[in-house]
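Residue strings, one per chain:
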Amino acid sequence: MFLNDLPINKTGTIKRIFTDDAVKERLHSFGLIKGVEIIPVKKSPLGCPRIYRCLNTTIAIRNKTAKQIEIL
Amino acid sequence: MSKTIIVGLVANPNTGKTSLLNSLTGMNLHVGNWPGKTVEKKEGLINFRGNKIKLVDLPGTYSINPYSNEEKVVREFLLAENPDVIIQIIDVNFLERNLLLTFELLSLGKKIILAFNFNKEARGKGISYDTDKIAEALELPIIEIEAHIGANKNSLLQKILEINNSVYNNPSYFGTIAKGEDDISHRSALDFIKQKILLFYKSSGNDRKIAKMDNWLLNRYLALPIFFLIIYLLFKTTFTFSAPLVNGIDYLFSLLAGIIANLNLPSFWSSLFIDGIVGGVGSVLSFTPLIFILFLFIAILEDSGYLARTVIMLDRIFHKFGISGQTFLPMILGFGCNVPAIMATRTIHHKKERMIAIFINSFMSCSARLPVYVLFTAIFFPKNATTVIMGLYLGGVAIGLLASLLLSKIIKINGENALIIELPPYRWPSLKNVIKHAWWQMSMFIKKAGTLILGAVVVIWLLASLPWGVGYGSSDSILGHIGQFVAPVFRPLGFGHWSFAIALIFGLVAKEVVIGTLGTLHGVSEDGLASILPSLINPAGALALLVFILLYVPCLAAVATMKKELGSWKLTSVYAISVMAIAWVVAFLVYKIGLMLGLG
């Protein structure tokens, strides 16, 4: 399953990130690292990006990017 | 005399770094740009117990990883300038994520002090932690501060002296998180945090305040109405507050002009001083209240955490045009004045997107263009004036979006802005910080763009006055000859009369000057134009002229600001030539279509 499919308020665990390296590094620096829990908390007004909570931080990620983040 | 200790301030964005810098340095701050970059560089010198400490503020960043596309300035500074000590400010509410940057810093092998900020807020929220134990586990000194009130700043400075005199040792655990020579494994770093640090740090989990505020401010139906209400109030107050200041400045300059006129200088000199220099300085200064107040509001939006929310509101639409929601706010500000709007693109960290945002900003029709629209539509389209003006505004936006789509395909640097952004907690901005921020922006504008604007205005004055003795800006002046020379270029657009060409050149000083120039050239007041203009152009030509005014090179202040923000004459010239071409082509089409629709 990928991050964009995870329903709001359900917890997932990051398994693998398939983006290019630059995006991957940026995700890493926000704490989106293998084994870390992530929860979608809200959609933005137009539905994309969605807002997630990860390591206590609130971050917005486009669905296009979330589609490349595999979760358990 | 001891050597100056160089200290680099590093932090994630929104951790209170600016507050700390302000409380440590007071007003004693030097602001400039990093060499070759348009990123702000702030430095402050402090004397503390007989020691000189130079604080260098580095742009807020989530990573200094060599592969990341983020602010390269931070890594370059830390490697090249070799600071004696690094202070990392940590928002203790988000300890785990902040520590990821700490571990990246460790890979540089420099002395590090951690400054825990927002302790009161975190403990009030129910987060409990033992700073001494965390310091012990990290093998790094930690000072608890409250940056906005300057608490514990002396302990922090004292710690700088201590650490500076100590011998550097890599923490014993560093081998377990290192990856290669200059990088770390985020995964191992996080494991280390979980096993060794979270023993002494207990977080309550959810942050209800953020969720509650976001439910309103990012509500599906309310988000945009709230945003536009805020922007409306922002414009309303900006223009209400700056109008008396601008008028006051104008008044002082008219007094000055009166004094100079009474000096009985030879007419060349008195005209140079009054029309050229006083006029030029006046046009620079008339922007300053606007910039100051607008940046006061932008700083409040940014520091309160709202700016990041505006970014995601319309991202979905902007993404289709190759840019992100980060361009939204600068575009909206452009409707007020393109100068601060172009400066506001500094909130966009992605280089390519920032360039696009700067390029397309002048298509947002600024308030100086409105009087021209109002005058012409009243004469030529009295029944549909509002529709025509609305059409011009929307047309500008449409062309701006199309241009960004095109530019995002043409510009071949560092890919697309993936827009992964933090939505920081909502916090009350500190008045001192926002005033200081607005003050810097204003002084940078005067220093950098101001000199360019002044020079350009004097050149235009000279062209309008020479050969000496002709009427100022008349058809006999050099400018007049240039106008007559280029007028045929505008003939296919329906406004080939030489007076329009001259007015358009004067319009470079400021768009509203177009009206005054036409009045002067035809020797009539603004009302008199109503009877003269219809004999010079037909409605289709008038429409084409308005479209041209919307799209062609913006005022010199905006161009000077672009040059400053792009950091390149070449790009600025490419921009100027392209918008001239775009303006010509679109105005041509509008004229032809207008004729077909019977506006001839």
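Scroll up to find the structure.
Conventions and cut-offs
- Residues numbered from 1 in each chain as written.
- Chains lettered and ligands numbered in written order.
- Predicted model: local features only at pLDDT ≥ 70, side-chain atom pairs only at ≥ 80, totals over all residues.
- Heavy atoms only, no water.
- Helix = DSSP H or I, 4+ residues; strand = E, 2+ residues; numbered from the N terminus.
- Rg over C-alpha atoms; globule rule 2.2 N^0.38 Å.
- Contact = heavy atoms within 4.5 Å.
- Areas by Shrake-Rupley, 256 points an atom, 1.4 Å probe, with all protein chains shown as cover.
- Lys, Arg positive; Asp, Glu negative; His and termini not counted.
- Charge placed at Lys NZ, Arg CZ, Asp CG, Glu CD.
- Buried area = accessible area lost by both parts, 1.4 Å probe.
- Salt bridge = Lys/Arg side-chain N within 4 Å of Asp/Glu carboxyl O.
- Buried < 20%, exposed > 50% of the residue type's maximum accessible area, 1.4 Å probe, protein only.
- Phe/Tyr/Trp six-rings, centres within 6.5 Å; stacked < 30°, edge-to-face > 60°.
- Lys NZ or Arg CZ within 6 Å of the ring centre and 35° of its normal.
- Axes fitted to C-alpha atoms, helices over the stretch in contact; angles between N-to-C directions.
- Left-handed = near helix turned anticlockwise from the far one by under 90°.
- Nonpolar A, V, L, I, M, F, W, Y, C, P; charged D, E, K, R; others polar.
- Patch = residues over 30% accessible without salt bridge, like charges linked within 9 Å, V, L, I, M, F, W, Y side chains within 5 Å.
- Disulfide = S-S within 2.5 Å.
- Pairing = 2+ DSSP bridges.
- 1 Å grid on protein atoms, 1.4 Å probe; cavity = no way out; pocket = protein on both sides within 12 Å on 5 of 7 lines; lining within 4 Å.
- Points joined across faces, edges and corners; volume = space filled by probe spheres on them.
- Expected span 1.5 Å × (residues − 1).

Caption draft 1: Structural view of the overall build of chain A. Tallying secondary structure elements over chain A gives two helices and five strands in all. Secondary structure elements of chain A, listed N to C terminal, follow the sequence β-α-β-β-β-α-β. Computed over C-alpha atoms, the radius of gyration of chain A comes to 11 Å, within 12% of the 11 Å expected from 2.2 N^0.38 for 72 residues, which places it in the range of a compact globule. Taken along its principal axes, the extent of the C-alpha atoms in chain A is 30 × 20 × 20 Å. Residue pairs in contact within chain A that sit at least 24 positions apart in sequence constitute 58% of those at least 6 positions apart. As displayed, chain A offers around 2900 Å² of accessible surface, 50% of which is attributable to carbon and sulfur atoms. Across chain A, the 13 positively charged side chains and the 6 negatively charged ones have centroids separated by 8 Å.

Caption draft 2: Region of the structure containing the interface of chain B and chain A. With 44 residues of chain B at the interface, the matching set in chain A holds 33 residues. Overall, the association of chain B and chain A removes approximately 3400 Å² of surface from exposure, summing both partners, and the carbon and sulfur fraction of that is 59%. In this structure, the connection of chain B to chain A is made through one salt bridge. For the salt bridge of Arg62 of chain A with Asp315 of chain B, the shortest nitrogen-to-oxygen distance reads 2.8 Å. Counting residues per element, the ones that place at least two in the side of chain B that touches chain A are α3 (95-106), α8 (186-197), α9 (208-217), α13 (306-313), α14 (315-319) and β12 (421-422) of chain B.

Caption draft 3: Region of the structure containing the environment of Ile577 of chain B. All names here are of chain B. Examined against the element boundaries, Ile577 turns out to sit in helix α27 (residues 569-596). A residue is classified by how much of its surface remains accessible, and Ile577, at 61% relative accessible area, is exposed. Separated by 434 residues in the primary sequence, Ile577 and Ile143 have C-alpha atoms spaced 54 Å apart.

Caption draft 4: Up close: the packing of aromatic side chains. Residue and element names in this part refer to chain B. Across all of its chains, the model carries 23 aromatic pairs over all chains by this definition. Look at Trp269 and Phe273: their rings are 6.5 Å apart centre to centre, the planes differ by 35 degrees, and that puts the pair in the tilted class. Placement of both Trp269 and Phe273 in helix α11 (residues 267-285) is noted, with a separation of four residues, approximately one turn of the helix. Measuring from ring centre to ring centre gives 6.2 Å for Phe376 and Phe380, while their planes differ by 15 degrees; the resulting arrangement is stacked. Of the two residues, Phe376 and Phe380 both sit in helix α18 (residues 370-380), four residues apart, roughly one turn of that helix. With respect to class, Phe376 is no different from Phe380; both count as buried. The ring of Tyr426 is capped by Arg309, whose NZ or CZ atom sits 4.1 Å from the centre of that ring. Sitting over the face of the ring of Phe118, Arg427 holds its NZ or CZ atom 3.5 Å from the ring centroid.

Caption draft 5: Spotlight on the packing of α18 of chain B against helix α19 (residues 385-410) of chain B. All names here are of chain B. Remark: α18 packs on α19, axes separated minimally by 9 Å, with the N-to-C direction vectors making an angle of 145 degrees. Two packed elements cross with a definite hand, and for α18 against α19 that hand is right-handed. Taking contact as the criterion, the partners of Leu370, Tyr373, Val374 and Thr377 in α18 are, on α19, Ala385, Val388, Ile389, Leu392 and Tyr393. Of the residues belonging to the contact of α18 with α19, the class tally is eight nonpolar, one polar and no charged.

Caption draft 6: Spatial organisation of a positive patch on the surface. Together, Arg16 and Lys34 of chain A together with Arg187 and Lys194 of chain B give the surface a local cluster of positive charge. As for its placement among the helices and strands, Arg16 of chain A is situated in strand β1 (residues 12-17).

Caption draft 7: Looking closely at the state of the cysteines. Residue and element names in this part refer to chain B. Under the definition given, this model contains zero disulfides over all chains. We note that Cys337 lacks a disulfide partner, and the nearest cysteine sulfur, in Cys366, lies 6.4 Å from it. Among the residues examined, Cys337 registers a relative accessible area of 8% and is labelled buried.

Caption draft 8: Region of the structure containing the sheet that holds β1 of chain A. The six strands lie next to each other as β5(A)-β1(A)-β2(A)-β3(A)-β4(A)-β12(B), forming an open sheet whose pairing is antiparallel. Strands with a single pairing partner mark the edges of an open sheet, and in this sheet they are β5 (69-71) of chain A together with β12 of chain B. Here two bridges tie strand β4 (residues 57-61) of chain A to β12 of chain B, and the two strands are oriented antiparallel to one another. Within the sheet, the bridge partner assigned to Ala60 of chain A lies in β12 of chain B and is Ile421 of chain B.

Caption draft 9: Representation of unusual backbone geometry in the model. Note that the residue after Cys48 of chain A, namely Pro49 of chain A, is joined by a cis bond; omega there is 0 degrees. Residue placement: Pro49 of chain A occurs in the loop between β2 (37-43) and β3 (50-54). In this structure, Pro467 of chain B follows Leu466 of chain B across a cis peptide bond, with omega equal to -10 degrees. Note on placement: Pro467 of chain B falls in the loop between α20 (431-465) and α21 (478-490). Phi at Arg49 of chain B takes a positive value of approximately 45 degrees, unusual for a residue other than glycine. Structurally, the position occupied by Arg49 of chain B is in the loop between β3 (40-48) and β4 (51-57). When its relative accessible area of 56% is taken as the criterion, Arg49 of chain B is described as exposed. Positive phi, close to 50 degrees, is recorded for Asn82 of chain B, a residue that is not glycine.

Caption draft 10: The arrangement of the pairing of β4 of chain A in detail. Burial analysis of β4 of chain A places five of its five residues in the buried class, which makes it a mostly covered element. Remark: two residues form the turn of the hairpin made by β3 of chain A and β4 of chain A, two consecutive strands paired antiparallel; Leu55 of chain A in that turn has positive phi of roughly 50 degrees.

Caption draft 11: Spotlight on the layout of surface pockets. Residue and element names in this part refer to chain B. Considering only enclosed or pocket space, the second largest pocket measures out at about 1200 Å³ in volume. Along the walls of the second largest pocket sit 45 residues, with Ser283, Val509, Ala510, Glu512 and Val513 positioned nearest its centre. Contributing elements (two or more residues each) for the lining of the second largest pocket: α10 (223-262), α11, α16 (338-343), α20 and α23 (513-521). Looking at the lining of the second largest pocket element by element, the count peaks at eight residues for α10.

Caption draft 12: Molecular detail of helix α25 (residues 539-551) of chain B. All names here are of chain B. Over its 13 residues, α25 extends 18 Å from the first C-alpha to the last, a length consistent with the 18 Å expected when each residue adds 1.5 Å. The buried fraction of α25 is high, at 12 of 13 residues. Turning to α25, its buried residues are Ala540, Gly541, Ala542, Leu543, Ala544, Leu545, Leu546, Val547, Phe548, Ile549, Leu550 and Leu551. For α25, the elements touching its buried residues are α18, α19, α21, α22 (498-506), α23 and α27.

Caption draft 13: Broad picture of the pairing of β2 of chain A. Residue and element names in this part refer to chain A. The sheet contact formed by β1 and β2 spans two bridges and is antiparallel. Note that in β2 the partner of Gly12 across the bridge is Ile38. When β2 meets β3, the two strands line up antiparallel, connected through five bridges. Of the residues in β3, the one forming a bridge with Ile39 is Arg53. With antiparallel pairing between neighbouring strands as the criterion, β2 and β3 make up a hairpin whose turn holds six residues, including Gly47 at a positive phi of roughly 95 degrees.

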